[in-house]
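# Summary of structural features
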Amino acid sequence: EVLEEGESAEHFYLKDDTGHVLINPQGARIDIPMNLQLEWKFKKDSTSNTPPVITNFLKSKNLKAKDFARMTFEEYCIAPHDKLFILGTAGDNHFIQDSKSKTGHDNVMIQKGSDKKLYYISDKSEREILKSLKWKSMIGIIGGGMLSIYCFWAIFSIFNA
């Protein structure tokens, strides 16, 4: 049973050699590895050695440790200085007025486009992402071709029976 699931969509700046830009991660497909996984089995006689993250979570939800046999926590996060690849829409940064922009990119925010286009944030490089997509595409094409051949064979054998 999932007790709590959530995400933080805090805006953040992405900086590279050309400058920085504000990122609104809301609505993005985020492809980053798990940073923390903690599985805790509660002992019936004591909760004194329970990790603080679990104790704090239970307190915040008004829950008692004795009601659970075990809990699993998983956390995914983008940490400062993580290298990221972002594919999104460059839109207006509504936090800055056009006249107050010191540089041209201050008034830009990367976000999900209104036309429902892909919005993707990953810690993989563009090259790694394209390589992965290449293999998935090849498998899909080969698998689709094999499935088509099988279907033609099945239809042909039904009509020749």
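The present account deals with the structure reproduced in this document.

## With respect to the pattern of salt bridges
According to the stated counting rule, one finds two salt bridges in the structure shown. Close ionic contact of lysine 124 with aspartate 31 constitutes a salt bridge, the shortest N to O distance being 3.1 Å. You can see lysine 124 sitting in the loop between strand E9 (120–122) and helix H2 (126–159) and its partner aspartate 31 sitting in strand E3 (residues 29–31), a full 93 residues away along the chain. With relative accessibility at 32%, the residue lysine 124 sits in the partly exposed group. The salt bridge partner of arginine 70 is glutamate 39, with a shortest N-O separation of 3.4 Å. With arginine 70 in strand E5 (residues 70–75) and glutamate 39 in strand E4 (residues 36–41), the pair connects residues that are 31 residues apart, well separated along the chain. Judged by its relative accessible area of 48%, arginine 70 falls in the partly exposed class.

## Remarks on the packing of aromatic side chains
Evaluation of the coordinates by the stated rule reveals two aromatic pairs. Plain terms: the ring middles of phenylalanine 57 and phenylalanine 73 are 5.3 Å apart, the flat faces sit at 85° to each other, and that makes the pair edge-to-face. Of the two residues, phenylalanine 57 sits in helix H1 (residues 52–60) while phenylalanine 73 sits in strand E5, which places them 16 residues apart along the sequence. Note on phenylalanine 57: relative accessible area 15%, which makes it buried. Summarising the aromatic geometry, the rings of tyrosine 150 and tryptophan 153 are spaced 5.8 Å apart at their centres and angled 35° between planes, so their arrangement reads as tilted. Here the residue tyrosine 150 and the residue tryptophan 153 both occupy positions in helix H2, the gap between them amounting to three residues, near one helical turn.

What counts, and where the lines are drawn
- Residues numbered from 1 in each chain as written.
- Predicted model: local features only at pLDDT ≥ 70, side-chain atom pairs only at ≥ 80, totals over all residues.
- Heavy atoms only, no water.
- Salt bridge = Lys/Arg side-chain N within 4 Å of Asp/Glu carboxyl O.
- Helix = DSSP H or I, 4+ residues; strand = E, 2+ residues; numbered from the N terminus.
- Buried < 20%, exposed > 50% of the residue type's maximum accessible area, 1.4 Å probe, protein only.
- Phe/Tyr/Trp six-rings, centres within 6.5 Å; stacked < 30°, edge-to-face > 60°.

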